[in-house]
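Listed below are the residues making up each chain.
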Amino acid sequence: MLLIALIGLLILGGATSVVVFVAIALPVLLLALFGAGLIKVHRAARRARRRRSGYATARTLRAPEEVPTPRAAPDWRAEWRAARRRFATLRGEYAAYECDPLAVLELPALADVTVPATERFVDAFAEAQALDTDEPPPAEHAASFRRAVDRACRSWQAARDAAERIRLAGLSPEERASVRRVIKLLTVAKDSGNDAERLAAYAKARAELAKLERAGHIHLPRQAVASLEASARAGLPTGFQTSPVPEPARRPSSEPA
């Protein structure tokens, strides 16, 4: 367009008009070229930003991976000591049951090794007892002891659950009534402050227990028998002798020491 205008001025206006036209048109031309360059640079920068933004949005930004902290090797001596504490607790619970005639009468299946759950517990308890040591053993022995304690604790809970379900289910109605009478008599003897009343209650309880022992369905552990006899003698005058509790029927050979 500028070239056409310049040719027209040469034809119509002469050299003076051309000089005036060039003086005016040249800055305008330079400004136009400069503006066009700025627009081009701006558009190029905008396209570059769009490409970078699209790339960053499309890709999945991953969080820096955490370097796992190496775990310290387990202290088998600390684990062995923890297992010994668990076994001591279990041994205390088992001993408390065997020394409590009332507990045995309420859950007789827990003292009967012919019950499968009780037999499994007795075997597991005996294994852990055999592996127990006062001083830290070798690592392999300690690992065997920990596993045995785990089995003993699980089987103890299983045996208790089974005994809770069974209770007196294996007894005849007469035997169940006899067990309830013994429990009542022992409770009276335990709570009574009168020696004569307590002695009479223990005597009747021992007579009922003798019948149950002969029937073969209730077997008091030796510890429970000794506890019962000691309770019967407690508080009586010096030298007073109570009749011994009848010897319980022989327990199966798998009964723990």
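Residues numbered from 1 in each chain as written. Predicted model: local features only at pLDDT ≥ 70, side-chain atom pairs only at ≥ 80, totals over all residues. Heavy atoms only, no water.

Some thoughts on helix α6 (residues 139–166)
Put simply, the rule is: In DSSP terms, a helix is any run of H or I states spanning at least four residues, a strand is any run of E spanning at least two, and both are numbered starting from the N terminus. Each residue after the first adds 1.5 Å to the expected span of a helix. Each residue is placed in one exposure class: buried if its accessible area under a 1.4 Å probe, protein chains only, is under 20% of its type's maximum, exposed if it is over 50%, and partly exposed if it falls in between. Contacts: residue pairs with any heavy atoms within 4.5 Å of one another.
Across its 28 residues, α6 extends 40 Å between first and last C-alpha, which sits within 8% of the 40 Å expected from 1.5 Å per residue. Burial in α6 covers these residues: Ala 142, Ala 143, Phe 145, Ala 148, Val 149, Ala 152, Cys 153, Ser 155, Trp 156, Ala 159, Ala 162 and Ala 163. Here the buried face of α6 lies against α3 (76–98) and α5 (116–131). Just downstream of α6 lies Arg 167, where phi reads positive at about 50°.

Focus on the packing of helix α7 (residues 173–191) against helix α8 (residues 195–215)
The criterion, for reference: As a rule, the C-alpha atoms of each element are fitted with a line to give its axis, helices using only the stretch in contact, and angles between N-to-C directions run from 0 to 180 degrees. An angle below 35 degrees is read as roughly parallel, one above 145 as roughly antiparallel, one from 65 to 115 as roughly perpendicular, and any other as oblique. Crossing handedness is read from the near helix: turned anticlockwise from the far helix by less than a right angle, it gives a left-handed crossing, and turned clockwise, a right-handed one. Under the convention adopted here, Pro, Cys and the residues Ala, Val, Leu, Ile, Met, Phe, Trp and Tyr are nonpolar, Asp, Glu, Lys and Arg are charged, and Gly plus all remaining residues are polar.
Contact geometry of α7 with α8 gives a least axis separation of 8 Å together with a crossing angle of 155°. In terms of orientation, α7 lies roughly antiparallel with respect to α8. Taken as a pair, α7 and α8 cross one another with a handedness that is left-handed. Every residue of α8 that contacts α7 at Glu 175, Ser 178, Val 179, Arg 181, Val 182, Leu 185, Leu 186, Val 188 and Ala 189 is listed here: Glu 197, Arg 198, Ala 201, Tyr 202, Lys 204, Ala 205, Glu 208, Leu 209, Leu 212 and Ala 215. Considered class by class, the residues forming the contact of α7 with α8 number 12 nonpolar, 1 polar and 6 charged.

Describing the environment of Ala 103
With respect to the helices and strands, the residue Ala 103 is situated in helix α4 (residues 101–106). Sequence separation of Ala 103 and Ala 224 is 121 residues, and the distance between their C-alpha atoms is 9.3 Å.

Some points on the pattern of salt bridges
The cut-off we apply is this: Salt bridge, as used here: a side-chain nitrogen of Lys or Arg that lies within 4 Å of a carboxyl oxygen of Asp or Glu.
Inspection of every chain in the model, using the stated rule, returns 9 salt bridges. Salt-bridge contacts for Asp 195 lead to Arg 198; the nearest nitrogen and oxygen are separated by 3.0 Å. In this pair, Asp 195 and Arg 198 are both assigned in helix α8, 3 residues apart and thus about one turn of the helix distant.

Some thoughts on the confidence of the model for the protein chain
Note the cut-off: Note: pLDDT gives the predictor's confidence per residue, expressed from 0 to 100.
Counting all residues, the mean pLDDT for the protein chain is 80, and 68% of those residues have values of 70 or more. Predicted confidence in the protein chain is weakest over helix α1 (residues 2–12), with a mean pLDDT of 61, and strongest over α5, with 98. Considering only residues more than four positions removed or in separate chains, one finds that residues 235–257, a stretch of pLDDT under 50, has 38 contacts.

Focus on the packing of aromatic side chains
Counted only if it meets this: Working definition: rings of Phe, Tyr and Trp (its six-membered ring) pair if their centres are within 6.5 Å, and the pair is stacked with planes under 30 degrees apart, edge-to-face with planes over 60 apart, and tilted otherwise.
Throughout the structure, instances matching the rule amount to 7 aromatic pairs. Consider the rings of Tyr 94 and Phe 125, whose centres lie 5.2 Å apart with planes at 70°: the pair is edge-to-face. Within this pair, whereas Tyr 94 is found in helix α3, its partner Phe 125 is found in helix α5, the two being separated by 31 residues in sequence. We note that Tyr 94, like Phe 125, is buried. Taken together through their ring pairs, the aromatic side chains of Phe 87, Tyr 94, Phe 121, Phe 125, Phe 145 and Trp 156 make up a single cluster.

Regarding α8
Every α-helix carries 3.6 residues per turn, so stepping three or four residues along brings you back to the same face. The line we're drawing: Whenever a nitrogen or oxygen atom comes within 3.5 Å of another N or O atom, the pair is scored as a polar contact, on the condition that within protein one atom can donate a hydrogen and the other can accept it, and that pairs from neighbouring residues in sequence are kept only if both atoms are in side chains.
The first and last C-alpha atoms of α8 sit 30 Å apart over 21 residues, in line with the 30 Å expected at 1.5 Å per residue. Looking at α8, one finds that the buried residues are Arg 198, Ala 201, Tyr 202, Ala 205, Arg 206, Glu 208, Leu 209, Ala 210, Leu 212 and Glu 213. As for α8, its buried residues are in contact with α4, α7 and α9 (222–233). For α8, the N-terminal cap is Asn 194; the gap from its side-chain oxygen to the backbone nitrogen of Ala 196 is 2.9 Å. Once α8 ends, the next one or two residues include Gly 216, with phi positive near 85°.

Things to note about the environment of Ala 159
Following the sequence through the fold, Ala 159 ends up in helix α6. Sequence spacing of Ala 159 and Pro 116 is 43 residues, and the spatial spacing of their C-alpha atoms is 8.4 Å. With near-sequence residues (within four places) excluded, Ala 159 lies in contact with Leu 110, Ala 117, Thr 118 and Phe 121.

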